[in-house]
Amino acid sequence: MEEEEEEEEEEELRFVMCCVQELQEEVSRIREEGSNLKEHCRHLEARRRHAHRCLSTMEAELTKHREEHSYVQLLKQEVIRDTAAAQQQLNESVTLLSLLSEQVEQKKKQLQTVEQVCVGLEDVKAAVYQLEDRGRRLTQRQLQLNQLIP
């Protein structure tokens, strides 16, 4: 009976050894899977950090572009406001220029009238001088006639 017990023990020992070997293989496989999962997690974490850095960079770029866009919009509004003010000034200048042009035309007409008057005055002066000359000659003749008739 001892032999049978020994055989049973050996059989049991082989079974246990086989189970231990299977368990060791399972543990090794699980460790390998765990190691692979850890490596995969490290890889995913590195990708996540890289994606986060890229996202942060893109958000900073987007913020910068938004600020630039806002600044451009402000400049655009300023240009529109300045253009409107310049157009208003131009319109006022055109109106003033038109009024001044009308005044210049009126002054030209007045000047032409004055020039015509002056030309007329020159003719009158010439006529007055002629009459004065004639009057002097007549006076001289009168004197001469008076001397001839005693």
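Structure's up top.
Reading the values: rules and limits
Residues numbered from 1 in each chain as written. Predicted model: local features only at pLDDT ≥ 70, side-chain atom pairs only at ≥ 80, totals over all residues. Heavy atoms only, no water. Disulfide = S-S within 2.5 Å. Patch = residues over 30% accessible without salt bridge, like charges linked within 9 Å, V, L, I, M, F, W, Y side chains within 5 Å. Areas by Shrake-Rupley, 256 points an atom, 1.4 Å probe, with all protein chains shown as cover. Salt bridge = Lys/Arg side-chain N within 4 Å of Asp/Glu carboxyl O. Lys, Arg positive; Asp, Glu negative; His and termini not counted. Charge placed at Lys NZ, Arg CZ, Asp CG, Glu CD. Helix = DSSP H or I, 4+ residues; strand = E, 2+ residues; numbered from the N terminus. Buried < 20%, exposed > 50% of the residue type's maximum accessible area, 1.4 Å probe, protein only.

Colleague: Describe the state of the cysteines, with residues and values.
Modeller: Tallied over the entire structure, the rule returns zero disulfides. The thiol of Cys18 is unpaired, and the distance to the nearest cysteine sulfur, on Cys19, comes to 5.9 Å.

Colleague: Can you tell me about a negative patch on the surface, naming the residues and giving the values?
Modeller: Taken together, the side chains of Glu2, Glu3, Glu4, Glu5, Glu6, Glu7, Glu8, Glu9, Glu10 and Glu12 define an acidic patch exposed on the protein surface. With respect to the secondary-structure elements, Glu6 resides in helix α1 (residues 2–148).

Colleague: Any details on a nonpolar patch on the surface? Residues and values, ideally.
Modeller: A contiguous nonpolar surface patch, about 260 Å² in accessible area, is contributed by Phe15, Val16 and Val20. Locating Val16 in the fold gives a position in helix α1. Accessibility expressed as a relative area gives 38% for Val16, which makes it partly exposed.

Colleague: Talk me through the pattern of salt bridges; I want residue IDs and the actual numbers.
Modeller: Applying the stated criterion across every chain, the model contains eight salt bridges. Here Arg48 and Glu45 are joined by a salt bridge, their closest N and O atoms 2.5 Å apart. With a gap of three residues between them, Arg48 and Glu45 both fall in helix α1, about one helical turn apart. For Arg48, a relative accessible area of 44% puts it in the partly exposed group. Note that Asp133 and Arg136 form a salt bridge whose closest N and O atoms lie 2.4 Å from each other.

Read these as geometric descriptors, not functional statements.
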